[in-house]
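Here's the letter readout for the chains.
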Amino acid sequence: MTIILRDAQPSDKDAWLALWQDYLAYYDVTLPAGVTEATWARIIAPDHRLACRLAVDAGEVLGFATHHNHCSTWVAGEDCYLEDLFVAKASRGKGVGRSLINDLMAIARAKGCHRVYWHTDETNTTARKLYDSFTKSDGHIRYRVVL
């Protein structure tokens, strides 16, 4: 396997969408089609801060990392938030997720970010094993108010 990491392109929509639907199914989430369309439009818009890196092998998209940078009150610069990370089931355990995270960390460093951070479900033990190899959980708990 030779993993190529690159930015999502308009021609990647169908491949990304298939993985996106699997990602939503994993979390048992149904989104209106308009939200998915808006997400994709943001990803490919050159002037939007939301971006998506793809892991590709032999033309097949194996996974994605959706991310964006934002200012922080805890450092003078910016942080990078890894909002969504997903690897196709058949490609798990082959270094795809690790490659995507390492790639994003390199991009964040090059842009002068101070931190890369993300959240995951506490029951996602497979992903947490990978994440714990980068750093241990900082113990924070997320609260979300739907408006």
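Overview of the structure. Just so it is clear, the model here is predicted, and its values are computed rather than measured. (Residues numbered from 1 in each chain as written. Predicted model: local features only at pLDDT ≥ 70, side-chain atom pairs only at ≥ 80, totals over all residues. Heavy atoms only, no water.)

Moving on to the packing of aromatic side chains. Using the criterion set out here, one finds 13 aromatic pairs in the structure. Arranged with centres 5.1 Å apart and planes meeting at 35 degrees, the rings of tryptophan 16 and tryptophan 40 form a pair that is tilted. Of the two residues, tryptophan 16 sits in helix α1 (residues 13-26) while tryptophan 40 sits in helix α2 (residues 33-44), which places them 24 residues apart along the sequence. As far as the burial class goes, tryptophan 16 and tryptophan 40 line up, both buried. Measuring from centroid to centroid gives 5.6 Å for tryptophan 20 and tyrosine 23, while their planes differ by 40 degrees, and the two rings are tilted. Here tryptophan 20 pairs with tyrosine 23, and both are found in helix α1, just 3 residues apart, close to one helical turn. Neither residue differs from the other here; tryptophan 20 and tyrosine 23 are each classed as buried. An aromatic cluster is defined as three or more aromatic residues linked by ring pairs; in this entry it consists of Trp16, Trp20, Tyr23, Tyr26, Tyr27, Trp40, Phe64 and Phe86. (Phe/Tyr/Trp six-rings, centres within 6.5 Å; stacked < 30°, edge-to-face > 60°. Helix = DSSP H or I, 4+ residues; strand = E, 2+ residues; numbered from the N terminus. Buried < 20%, exposed > 50% of the residue type's maximum accessible area, 1.4 Å probe, protein only.)

Most of strand β4 (residues 78-87) is tucked away, with 8 of its 10 residues classed as buried. Note: strand β3 (residues 60-71) against β4, 9 bridges, orientation antiparallel. Residue histidine 67 lies in a different strand from β4, and its bridge partner there is leucine 82. Two successive antiparallel strands, β3 and β4, enclose a turn made up of 6 residues. Relative to strand β5 (residues 115-117), β4 is paired through 3 bridges, and the arrangement is parallel. (Pairing = 2+ DSSP bridges.)

A word on the pairing of strand β2 (residues 51-57). The element β2 is largely enclosed, with a buried count of 6 among its 7 residues. Where strand β1 (residues 4-7) lies against β2, 4 bridges are found, and the strand directions are antiparallel. Within β2, the position partnered with isoleucine 4 by the bridge is valine 56. A loop of 2 residues connects β2 with β3, the two strands running antiparallel in sequence, and alanine 58 in this loop sits at a positive phi of about 50 degrees.

These values are about where atoms sit, not about what they do.
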